[in-house]
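# Coordinate analysis (summary)
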Amino acid sequence: MSQAHEIAAFGLELVQAYRRTSASRELLREVQARRLRAVLDAASRTRFYGGKPLRHLRDVEPVRKAQYQARLDDTFTDKQLSKAALLAFVHGGGAPGALLFDRYLVATTSGTTGHVGVFVDDVAGWSRQRAVVFARMFQGMLTAEGFAMLARRRYRLAFVIASGGHWLTSILAGRMPTLGRAFADSRIVPVDAPLPTVVRELNAFQPLLLHSYPTFLEVLCAEARKGALRIDPEIVSAGSEPLSLACREAVRATFPKARLVETYAATECLAMATSCPHGAVHVNEDACMLEPVDDRLEPVAPGVEASRVLVTNLSNVVQPLVRYELTDSVSVDDAPCPCGSAMARIKVRGRTDDTFFLVDGQGRAQAHPPIPIEVAFLGVPGLLQYQLVHEAQNRLRLSFVADEGAPPGDVAAGLDARLTRYLKDHGLLEHVGYLVEQIDAVERHAKSKKLRQIESRVARPPGEVVAAIEARR
Ligand SMILES: [Zn+2]
């Protein structure tokens, strides 16, 4: 595929996706049905999904991750593609964003949960997914005609992310120079570069859109408050990790004029959901279909929090992904949003893997999802960042980085008091041991550079699990 085709696919979808943001539900259904037909048609040509006519979504059984990766060679519609070819390409040192067979982009998952997945799509498919994300980020900021102006303005985008490697953000940022000539000026700043280097590059570039991981946005906000980082972004976008309350507060206080955009993406499908100007996260119904399900992959009622979600990618006809399981905990809300979008709203909780299961005095396992724990640590004076790890059953390690000039002893005491109160409120103080320690920097995943702020390394105990009582405050 030529670069002209790639740019055309991106530009056309950008304008149309921007218009669809305010389209009626009927129109969205039409677009979705048309795209689903193309994907099901492609799926029926693969050995994985094929063998029977596929007319409706319900003609396809839900698919587990492991099941899909075990039969990777059966998932492609192009006979040139094979697991061996993809792995040879990924391990052969091809630059992220380089093309396989002159038309395909290959992405691997970073394996933060232990399973590495490999996915492929052509540049047109990726371009359409990305165009949807950008269209939603700019919701309400431009007239459709204004995109021409946007191009002339050469919108400056900075991605402070893990560079190198074949994971999604790195590949997409790596493809930006191609698109950039038409639409924007984009730059990758490696998240693991020394902080003064990151700050210097951002100051020189003056991005209008700043994208990073929530935990790193917090660090950048602290640099801005100190006066070291001097940028004035219009959009701050966060992805790859759950958007913590601490990050939300920090961005609001530091860049009050900027729109904070939350993106929900996976390597399997880039444009799953994006937040609107009202802060609601809308499913990008023109790019994917999401079905909330329980552990047995059975549908859950609307509004009920599901432990998993099935995703159908509506642009990939190279490696169709239909009703594919993601282990994210979501709930869907169909009620209208004041922003005018007819697309369903979704709440994405921290990954189900990061719910803490703490055993109380009666021997019951209490489920503690990340958000109430985050609330407990909001606003500790002098706290820059923390990481809470459930490292053995009923044993927690709370590591923290103190802000410059803040006495670490005071920060430790503040955190200790919050954690003590949280455990006491849940009747766990005598049953859970913990350590509070100061560190120089929080440790990121060696490859993906993602950080799990709240991480459980303890398996869910067998037997009945009770919900933790809401903390009293
Ligand atoms: Zn909305």
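Residues numbered from 1 in each chain as written. Predicted model: local features only at pLDDT ≥ 70, side-chain atom pairs only at ≥ 80, totals over all residues. Heavy atoms only, no water.

## Quick notes on the overall build of the protein chain
The condition that has to hold: Working definition: helices are DSSP H or I runs of at least four residues, strands are E runs of at least two. Numbering for both runs from the N terminus. For every residue, the accessible area (1.4 Å probe, protein chains only) is compared with the maximum for its type, and the residue is labelled buried under 20%, exposed over 50%, or partly exposed between those bounds. Two residues qualify as a contact provided that any one of their heavy atoms is within 4.5 Å of a heavy atom in the partner residue.
In terms of regular secondary structure, the protein chain is built from 12 helices and 21 strands. Considering the protein chain as a whole, with its 473 residues, one finds that 56% of them fall into the buried category. Intrachain contacts of the protein chain at a sequence separation of at least 6 include 67% that bridge at least 24 residues.

## A word on the packing of helix α9 (residues 214-226) against helix α10 (residues 245-254)
Rules: Note on geometry: axes are C-alpha line fits, over the in-contact stretch for helices, and angles between N-to-C directions span 0 to 180 degrees. Handedness of a crossing follows from how the near helix is turned relative to the far one, being left-handed for an anticlockwise turn of less than a right angle and right-handed for a clockwise one. Gly is put with the polar residues, along with every residue not named as nonpolar or charged; the nonpolar set is Ala, Val, Leu, Ile, Met, Phe, Trp, Tyr, Cys and Pro, and the charged set is Asp, Glu, Lys and Arg.
In contact at an axis separation of 9 Å, α9 and α10 are set at 30 degrees when each is read in the N-to-C sense. Two packed elements cross with a definite hand, and for α9 against α10 that hand is left-handed. Together, Pro214, Leu217, Glu218, Cys221, Ala224 and Arg225 of α9 and Ala246, Cys247, Ala250, Val251 and Thr254 of α10 make up the contact between the two elements. Here the contact of α9 with α10 is built from residues that sort into eight nonpolar, one polar and two charged.

## Focus on helix α8 (residues 195-205)
Buried within α8 we find Val198, Val199, Leu202, Asn203 and Phe205. Looking at the buried residues of α8, the elements they touch are β3 (155-161), β4 (184-190), β5 (209-212) and α9. Where α8 ends, the next residue or the one after it, Gln206, has phi of about 50 degrees, a positive value.

## Quick word on the coordination of the zinc ion
We count it as follows: Atoms of type N, O and S within 2.8 Å of a metal are treated as its donors, and for Na, K and Ca the window is 3.2 Å; water is not considered, so some sites may appear to be missing partners. Geometry is assigned from donor-metal-donor angles: four donors are tetrahedral when every angle falls between 85 and 135 degrees, four are square planar and six octahedral when opposite donors sit over 155 degrees apart with all other angles between 65 and 115, and any other arrangement is irregular.
Taken together, the protein donors to the zinc ion comprise Cys276 (SG), His282 (NE2), Cys337 (SG) and Cys339 (SG), at separations of 2.1 to 2.3 Å. One way to put it: the four donor atoms around the zinc ion meet at angles of 103 to 117 degrees, and that makes the site tetrahedral. For the zinc ion, all donor residues lie on one chain, and their spacing in sequence is C-x5-H-x54-C-x1-C. The exposure classification of Cys276 matches that of His282, with both residues buried.

No statement about biological role is implied by the geometric values presented.
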